[in-house]
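Single-letter residue listing:
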Amino acid sequence: MPGSTTLGPGHGVDAIEHLDALRMLSLMKELHRMLTVPGPEQLTDAQIATLLEADGRHREGLTDWVERMARDLERATA
C-alpha cells in the first residue's frame, strides 16, 4: 500500500500517509469496541489467542494497547 512502511529492529518510526493513519485509527477503534462490548459481538478469548498467538488471558493488555494506539492516532490525525 502506498505510504506504508516496514519496521524492523533498530528502526525509528517512519511517517505514514494521512489516509493510512485514518484507516488504522478506524481499525483500532473497532477492535477496541469488539474487545470491550458486552454480548455476542465481543471477541472471545480463543479469537484473542489467535490474534496474539498466545492465550486469551491477554485481553486486558491488548485492550489497553489498542485504546492507547487509537488515542495517539486520533491526536496525530486531528
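Use the structure listed above.
Keep in mind that this is a model prediction, so the values were computed, not measured.

Quick notes on helix α3 (residues 59–77)
Logical step 1: Between its terminal C-alpha atoms α3 stretches 27 Å, which fits the 27 Å expected from 19 residues at 1.5 Å a residue.
Logical step 2: Among the residues making up α3, those that are buried are Arg59, Leu62, Thr63, Val66, Ala70, Leu73 and Thr77. End-on view of α3: buried residues confined to an arc of 100°, all on one side of the axis. Those residues of α3 that are exposed and aimed more than 90 degrees away from the buried face are Glu60, Arg75 and Ala76.
Logical step 3: Among the structural elements, α1 (18–36) and α2 (45–52) are those in contact with the buried residues of α3.

A look at the side chain of Thr63
Logical step 1: Locating Thr63 in the fold gives a position in helix α3.
Logical step 2: Those residues in contact with Thr63 that sit more than four places away from it in its chain are His32, Leu35 and Thr36.

Section: the environment of Ile48
Logical step 1: By the element assignment, Ile48 lies in helix α2.
Logical step 2: Between the C-alpha atom of Ile48 and that of Leu62, which follows or precedes it by 14 residues, the distance is 8.5 Å.
Logical step 3: When sequence neighbours within four positions are dropped, the list of residues in contact with Ile48 reads Leu35, Leu43, Arg59 and Leu62.

About the criteria used
Residues numbered from 1 in each chain as written. Predicted model: local features only at pLDDT ≥ 70, side-chain atom pairs only at ≥ 80, totals over all residues. Heavy atoms only, no water. Helix = DSSP H or I, 4+ residues; strand = E, 2+ residues; numbered from the N terminus. Expected span 1.5 Å × (residues − 1). Buried < 20%, exposed > 50% of the residue type's maximum accessible area, 1.4 Å probe, protein only. Arc of directions from axis to C-beta. Contact = heavy atoms within 4.5 Å.

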